[in-house]
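# Analysis of the macromolecular model
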Amino acid sequence: MLKGKKNFLETIVSMAVAGAIIGAAVGGWLNDRYGRKPALLLGDLLFFIGAVIMAAANGPPLLIVGRIFVGFGVGMASMTSPLYISEASPAKIRGALVSTNAFLITGGQFLSYLINLAFTQAPGTWRWMLGVAALPALVQFALMMFLPESPRWLYRKGRKEEAKAILEKIYSADQLESETQALHESVEAEIKETGTAGKVTYKELWRTKTVRRGLIAGIGLMIFQQCVGINTVMYYSPTIIQLAGIAGNQTALLLSLVTSGLNALGSIVSIFLIDRTGRRKLAAASLSGVVIALAILSGIFYHTTTHSPEITPTVTSHLIDYTCPDYSSAANANSWDCMKCLKASSPECGFCASATNKLWPGECVISNDTVKDICQGDHRLWYTRGCPSKTGWLALAGLALYIIFFSPGMGTVPWIVNSEIYPLRYRGICGGIAATVNWTSNLIVAQSFLSLTKAIGTSFTFLMFGVIAVIGVCFVLICVPETKGLPIEEIENMLQDRAIRLKFWKKSSANLEKNVQIT
Ligand SMILES: *[C@@H]1O[C@H](CO)[C@@H](O)[C@H](O)[C@H]1NC(C)=O
């Protein structure tokens, strides 16, 4: 029963991600063809429809359909919002404004946990919990009506007067001149290249040098964002809490509040740093911190799996009837420890720690609410996901460190870079490709990590993520250009100049001339 429920929840979550993959792919095409504003409006609409379907659902099939619609909307918005914001921002604060978008997402997640906390006090309110999500989409749809289309998209579509009127509101008089000039040159270059503002083919994308280099940087960042295991680390946070010996009842929700709160704080840090420190340094520093955090987590998990408390035969009178069947029937029962106990299945078993010292031998018993209550009623700690450990608090520090480092850098930089690195004419389609890759990587990691931890253990799974993060640092230093403060049209020229960047420490204003040229 429990297993079925869990699988169903997983299906619902992965359906939303699958929807996002499609939403992002379609969104890219929509953005180039019909503009940023219609794409955002459509995203809101799909999200609204999805939320209403879920709130009104009479069973699992409709819930899933609703989730898919929500996913469409999220996928479309995930790539369009940064693009729209980026194209309508002055170069100097472009990163900060796109980071603000990321903060509103992470802050919203934090808020949703708070709302959940409020709603779970009143039972039977799940329809409201799902339904309230429709409200922000409706508000954004209404407010979006009053906002202009991206001036850059308008200009490219030949609606130059409209574009100039909007640009006048964004830029001061002296900036306006050079901005319009740069836009003009960018569109001219396109016409020279393709004859007219022609159709984009994928082959052409790859053959165009600037686009190819942009795509390598943009897609690479998206892959590393997902493949350093952010969602896996989040998934294991309840285990980590148990390792740390805080094995209470209410901790799961509280923990989500702390981790999502840290995540949101990190996005605020990003707003302040992104246009000062730059994208490259922030991403590289972020990944380096993630490597350290993963090394700590991997080490602690290794230590706890190899040094977990032993199992004593069940003697406690209260628990005597609930001995774990696998343990009772095991030939080598003397060698069992807590880790072995938690791996037992059909039925699953839990570890009831010694009352005197949680590191001393404890009992391996059937895991369900009855048994848990008996164990805790004896003032003993109850473990189902991780075993008691002396160094457990270090794992907690590793978890916090991971989020603190990940959020301000790898949480935001990939989306920022993807909103500014492509030439105007390919910005929608390339942003769409990158976002699709992001959501696909998300799905792949989510679908495979449980089998991975079964095969090689949690410790080595974290180690693997750590190795990927190290590769990520090298990738950022070599393939990602610094786009901080550059007018968005000049980025194209920079990509034209070189493919590989090795001088990490040069001031970005000098980047154009002083980087090592290896092409
Ligand atoms: C827990 O398992 C025991 C033994 O199988 C059973 O007697 C008890 O009813 C179960 N409790 C719950 C809440 O499922």
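On a predicted model such as this, the values are computed, not experimentally measured, just so you know.

## Description of the site of the ligand
Looking at the ligand, the residues that line it are Y322, I366, N368 and T370. One nitrogen or oxygen atom from the side chain of N368 is found 2.4 Å from an oxygen atom belonging to the ligand. A distance of 2.6 Å separates a nitrogen atom of the ligand from a polar atom in the side chain of T370. Protein contact buries 42% of the 360 Å² of open area that the ligand shows by itself. Here the shell around the ligand is composed, by residue class, of 2 nonpolar, 2 polar and no charged.

## Brief notes about the state of the cysteines
Inspection of every chain in the model, using the stated rule, returns 4 disulfides. Disulfide pairing is shown between C324 and C349; the S-S distance is 2.0 Å. An S-S torsion of about 80° defines the bridge between C324 and C349 as right-handed. One end of the pair, C324, is in the loop between helix 15 (279-306) and helix 16 (325-329); the other, C349, is in strand 1 (residues 349-352), and 25 residues separate them in sequence. Side by side, C324 and C349 carry an identical accessibility label, which is buried. Each disulfide in the protein links cysteines that, numbered along the sequence, combine into the pattern 1-4, 2-8, 3-6, 5-7.

## Here we look at the confidence of the model for the protein
Predicted confidence across the protein gives a mean pLDDT of 86, with 90% of residues reaching 70 or more. Every residue in residues 507-519 is under pLDDT 50, and counting partners more than four places away or in other chains gives 27 contacts.

## A few points about the pairing of strand 1
Covered by surrounding structure in strand 1 are C349 and F351 together with G350 and C352, the residues of both alternating faces. By the bridge criterion, 4 bridges tie strand 1 to strand 2 (residues 363-366) in an arrangement that is antiparallel. In the strand pairing of strand 2, G350 is matched with V365. Relative to strand 3 (residues 382-383), strand 1 runs antiparallel, the two sharing 2 bridges. Each bridged residue has a counterpart across the sheet, and for F351 the counterpart in strand 3 is Y383.

## Overview of the side chain of S260
Note that S260 resides in helix 14 (residues 251-277). Given a relative accessible area of 6%, S260 falls into the buried group. In this structure, S260 is in contact with T106, F110 and Y113, ignoring residues within four places of it in sequence.

## Considerations on helix 2 (residues 36-56)
Taking 1.5 Å of rise per residue, 21 residues should cover 30 Å, and helix 2 covers 31 Å from first to last C-alpha, within 8% of that figure. Buried residues of helix 2: R36, K37, A39, L40, L41, G43, D44, L46, G50, A51, M54 and A55, and no others.

## Here's the deal with the environment of T412
With respect to the secondary-structure elements, T412 resides in the loop between helix 19 (392-406) and helix 20 (413-420). Given the relative accessible area of 2%, T412 is considered buried. Each C-alpha atom, one on T412 and one on Q225, is 9.2 Å from the other, the two residues being 187 residues apart in sequence.

## Section: the nonpolar core
Core analysis: the largest hydrophobic core is formed by 64 residues, its most contacted members being L221, Y402, C430, F462 and V476. With 13 residues, helix 21 (residues 427-479) is the largest single contributor of residues to this core. Other than its neighbours up to four places away in sequence, Y402 contacts V228, G229, I230, V233, V290, A293 and L294. By size, the runner-up hydrophobic cluster in this structure holds 17 residues, among which are C324, A330, L342 and F351.

## Digging into the packing of aromatic side chains
Tallying each qualifying case throughout the model produces 8 aromatic pairs. With a centroid separation of 6.4 Å and 85° between ring planes, the pair formed by Y302 and F460 is classed as edge-to-face. Residue Y302 is found in helix 15, and its partner F460 is found in helix 21; the two are separated by 158 residues along the sequence. Seen from their ring centres, Y402 and F406 are 5.9 Å apart, and the 15° between their planes marks the pair as stacked.

Scoring rules and cut-offs
- Residues numbered from 1 in each chain as written.
- Predicted model: local features only at pLDDT ≥ 70, side-chain atom pairs only at ≥ 80, totals over all residues.
- Heavy atoms only, no water.
- Near = heavy atom within 4 Å.
- Polar contact = N/O pair within 3.5 Å; in protein donor to acceptor, adjacent residues only side chain to side chain.
- Areas by Shrake-Rupley, 256 points an atom, 1.4 Å probe, with all protein chains shown as cover.
- Nonpolar A, V, L, I, M, F, W, Y, C, P; charged D, E, K, R; others polar.
- Disulfide = S-S within 2.5 Å.
- Helix = DSSP H or I, 4+ residues; strand = E, 2+ residues; numbered from the N terminus.
- Buried < 20%, exposed > 50% of the residue type's maximum accessible area, 1.4 Å probe, protein only.
- pLDDT = per-residue confidence, 0-100.
- Contact = heavy atoms within 4.5 Å.
- Pairing = 2+ DSSP bridges.
- Expected span 1.5 Å × (residues − 1).
- Core = buried A, V, L, I, M, F, W, Y, C linked by side-chain atoms within 4.5 Å.
- Phe/Tyr/Trp six-rings, centres within 6.5 Å; stacked < 30°, edge-to-face > 60°.

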